[in-house]
Amino acid sequence: MQTPQAKHPSAPSAKQTTAAPPASNAVRTDVDVAYINGKAHPIIKGETMLQFLRRHLGPNPVPTLCDAPNLEPFGSCRVCSVEVALQEDGPKKVMASCHTPIGNGMYITTNSPRMERLRKNIVELVLTDYDTERLKTEDHGANELNNVVQQVGFDIDSVRYPKGRNHLSTPMDTSHPYMVSDLSACISCYRCVRACDEVQGEFVLTMAGRGFDNHIVKGTDESFFASDCVSCGACAQACPTSAITDVFRSKETEADRIVRTVCTYCGVGCNLDVRVKDEKVVAIRAPYDAEANSGHTCLKGRYAFSFYDHPDRLRTPLIKRDGKFEEATWDEAYDFIVDKLTQLKKDHGPDSIAGISSARTPNEENYLMQKFMRAVIGTNNIDCCARVCHSPTALGMQRTYGTGAATNSIDDLKDTDTIMVIGANPTDAHPVTGARIKQQVMKGKTLIVIDPRRIELARYAKYHLQLKPGTNVALLNMMMHYIIAEGLVDVAFIDARTEGWEEFRDQLLALDIAKMEQVTGVDRNLVREAAISYAKSPAAMSFHGLGVTEHSQGTFTVMQIADLAMMTGNIGRRGVGVNPLRGQNNVQGAADMGAQPHQGAGYLDVTKEEANKLYQEHYGVPVPSHIGWKIPEMFNAAIDGRLKALWLIGEDVVQTDPNTNKVIKAMDSLELLVVQELFMTETAKHADVVLPGASFLEKSGTFTNGERRVQRVNAVVEPLEGTKSDGQIIVDLMNRMGFEQPDYHPSWVLEEISRIVPFFKGIRWETLGENGKQWPVAADGTDTQILHTETFKRGKGKFFMPEWIESKEVAAHGKDYPYIITTNRELEHYNCGTMTRRTRNNDILTEDVLLIHPDDAAANGLAEGDMVCVESPRGKVDIKARITDEVKPGILSSTFHFPEIMLNIITSDVHDTEALCPEYKVVSCRIRKAKKGHLRSHGEVVKKN
């Protein structure tokens, strides 16, 4: 292949797109047109010839090799070349259609004897360095070179040139748990290199050598596993010949069917094309036409699916008798639960019973769970894991704007000028969004990172404000102070659309900047520069995560981020807004459906008479009108005997909620604990009844991603024998308790939801389409990409200036426990790792580690890999040291993916003052070298301290 030419601009210049006037005998139209084989077709400004041809002739109007749907035009292989004239009978020039802009009046000939000869010659040259025997055995459509050979009509046995001396002897690389390369099949199209660069932004792959010595290099000429590859699989999906593929042979595998569904991991909402053969999931690819992920996904979405039929899956109900689990039938389990719930409700009232729903399950199942608690049991004691992650986002944005959801779409990144990421590490926790942010920053956009750790994105940031954990409020007050002091507020927006400005402004101007600088540990001049950059930007877009919400002042911090957008006019248009990065796949949806104690489905206040009346009419039975217990309150109520029964779906609170010993005490204080799960989790071990649920691959419903996109989750395979979907289990128990419901299907549940949730009014299972709809959705099906374009849900946006208050954790224990440990998530695992630890992800990341600054390591006599005893007022754990300057002195960081460590033994019982979200991010501790023992691979403790 030719050495690639420079990439053309994404939007061709006027000079590029302006063709000579059409000949006098050309067809005149009212719109710009070009001609394909003599026939006129309208053009779209900025599109390439190839895009133009595909739009009018179908997906394969001319052969291509170096082109891929999610890559920039490249022009390397030239097999897509066409003849182009500027007038009907004018001279024709050969041009590569993939990267040449279409122009008005152009005449394109796609196939001619000249083009046929050229394409055959190009293919023949490619085949000089390719084993043509492969084409005789790989005739299944996945080898794109084979498809091109057939399309141009070339006889593979008629290659006239001598064979190359490089690729055909290249050994396979099988070092990686997922990625595989057989570079003897490489045709030097650069697609893998470009995918790594342009899609993921990792720059692991490159080309070295020239001519027959031209070859792919990984990292610094090393194996896949030794390189910095993040296993996203973008290169494997892009490769036309499977020279780079994966252990599942995702591209080559012939499937009986391909089912499109939505990923179960983070809140990006990636669409997946799941390949099924012999009723087993065999591979996953990312559809290019998916608006949420555009043909990309991370290693969890693409590869971490083997948990679904893992031998550890629960396959029958279990009832604990005399301290031991016994297998039971579904009827036995249902009878046990119904009898116990009925007795407890009779003896202690409905508020002695509570439920915790799951942000991992679809909207429909969350809706049914809260309906069960309110309409069948008669209590508002219903919550979900949004409590421990984004409850401050919902509350803070509701107070400020009236709606607790993302204001914009991820696609708006291409329209923004400045990106602020605060308390989030999207390249690990939301990898597809993280990659898109990285791509935009590498193209010149300004990035502000506010985080105690030097996360990956900090390397690309113009400003990294590396603050002390627990000081978000102080730092954001500093930023807003400087914006006001510099006269950079949007006065027109403030006057027209907000309230409370004068008091807010005066409080900020009175801020003690010197004190806030000392509190945060960030130089005031750097804060000032970042603030000015944000305020002066024509369009600034913020993203926040659990590093904002999981603090005692989490709700107030969210309100500040909303204030920052309002005071600069960065709301209600493209490329701006406040955009929470939701931790789990359906955190947004679980809250939308009413899985919370103070608001029912659609966020209606359960204490309001009007809302209560609506709910009673909707459900056909009386419903409670007092606020129920949030998750931390449920634990307290269980310990003091007020809560008797808890039904918990898909949440491992023993491993993931803070202060593990307290959570265990709460679980063991209950008279009935029902856990609905895929595996025997740490929480399930304490249950009285365990019900085997179905994974996302075995059920249908909808997930709502972080940008309010409601998308169809389609069952790929039937539930494992002995298991049921969570929706069917809820319906079964509703029926047994006298509240008749049809068998579970998302269609009827969604229709019922649309009658009570105002912003779901136009959502129907049958009309969601492949890319879903972003709520609010009107009755006619029209959805909404941008919120608050004209007015806020609450009328006018409300300013509120909170004062920084030191965490109770540090105030009470900072002297005796001088270090602060903050929690985070790694790319390879998901929360407590229940699913990912049962995939090959566990071969990539095998254990939790403790990030510790070199100064702190030296002061405590610690070396890399030593076991460190980390002790807080709640307890202590031993974690392996990783010495790094990613954190500042005095700050530690770790994860809780592995139950062998149980990091939450040391986390505190401090919560956000408003939403009761736990303060995982600020934990006072002290450290020392562990006296005995070390941690083996996979977290096996040999001998505990």
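Rules used in this analysis
Residues numbered from 1 in each chain as written. Predicted model: local features only at pLDDT ≥ 70, side-chain atom pairs only at ≥ 80, totals over all residues. Heavy atoms only, no water. Helix = DSSP H or I, 4+ residues; strand = E, 2+ residues; numbered from the N terminus. Rg over C-alpha atoms; globule rule 2.2 N^0.38 Å. Buried < 20%, exposed > 50% of the residue type's maximum accessible area, 1.4 Å probe, protein only. Contact = heavy atoms within 4.5 Å. Lys, Arg positive; Asp, Glu negative; His and termini not counted. Charge placed at Lys NZ, Arg CZ, Asp CG, Glu CD. Pairing = 2+ DSSP bridges. Axes fitted to C-alpha atoms, helices over the stretch in contact; angles between N-to-C directions. Expected span 1.5 Å × (residues − 1). Phe/Tyr/Trp six-rings, centres within 6.5 Å; stacked < 30°, edge-to-face > 60°. Lys NZ or Arg CZ within 6 Å of the ring centre and 35° of its normal.

**Digging into the overall build of the chain**
Tallying secondary structure elements over the chain gives 30 helices and 35 strands in all. Scaling as 2.2 N^0.38, a compact globule of 945 residues should have a C-alpha radius of gyration of about 30 Å, and the chain matches this with 29 Å. Based on the C-alpha atoms only, the size of the chain along its principal axes is roughly 90 × 70 × 65 Å. Counting only residues that meet the buried cut, the chain has 64% of its 945 residues in that class. Long-range pairs, those at least 24 residues apart, make up 73% of the contacts in the chain between residues at least 6 apart in sequence. In the chain, 107 side chains carry a positive charge and 123 a negative one; their mean positions are 2 Å apart.

**A closer look at the sheet that holds strand 12 (residues 280-285)**
Reading across the sheet, the three strands line up as 10-11-12 and stay open at both edges, with antiparallel pairing between neighbours. Whereas interior strands pair on both sides, the edge strands pair on one side only; in this sheet they are strand 10 (257-262) and strand 12. Across this sheet, the average inter-strand angle for adjacent strands is 35°, counted without regard to direction. In terms of strand pairing, strand 10 meets strand 11 (residues 271-277) through six bridges, oriented antiparallel. The residue bridging isoleucine 258 from the neighbouring strand is arginine 275, located in strand 11.

**Digging into helix 3 (residues 113-127)**
The end-to-end C-alpha separation of helix 3 is 21 Å, in line with the 21 Å expected for 15 residues at 1.5 Å each. Its buried side turned inward, helix 3 meets strand 3 (81-85), strand 4 (93-96), strand 5 (107-109), helix 4 (133-137) and helix 5 (144-152).

**What to know about the packing of aromatic side chains**
What the rule picks out here adds up to 21 aromatic pairs. With a centroid separation of 5.5 Å and an interplanar angle of 45°, the aromatic rings of phenylalanine 74 and tyrosine 190 are classed as tilted. Here the residue phenylalanine 74 occupies a position in the loop between helix 2 (49-57) and strand 3, and tyrosine 190 occupies one in the loop between strand 6 (179-181) and helix 6 (191-200), the gap between them amounting to 116 residues. Each member of the pair, phenylalanine 74 as well as tyrosine 190, carries the same accessibility label: buried. On the numbers, 6.4 Å between centres and 85° between planes, the contact of phenylalanine 493 with phenylalanine 792 is edge-to-face. Taken together, the residues phenylalanine 493 in helix 15 (residues 491-497) and phenylalanine 792 in the loop between strand 28 (773-774) and strand 29 (797-798) connect sequence positions 299 residues apart. Here the two residues phenylalanine 493 and phenylalanine 792 agree in accessibility, since each one is buried. Here the aromatic residues Tyr178, Phe248, Tyr303 and Phe305 are joined through ring pairs into a cluster of three or more. Between arginine 497 and the ring centre of phenylalanine 792, over which it is positioned, the NZ or CZ distance is 4.6 Å.

**Notes on the pairing of strand 32 (residues 867-872)**
Most of strand 32 sits out of view: five of its six residues are buried. In the sheet, strand 32 pairs with strand 33 (residues 875-883) via six bridges, with the strands oriented antiparallel. Residue pairing in the sheet places cysteine 869 in a bridge with aspartate 878 of strand 33. Between the end of strand 32 and the start of strand 33, which pair antiparallel, lie two residues. Strand direction decides the pairing type here: strand 32 and strand 35 (residues 923-929), joined by four bridges, are antiparallel. In the strand pairing of strand 35, valine 870 is matched with isoleucine 927.

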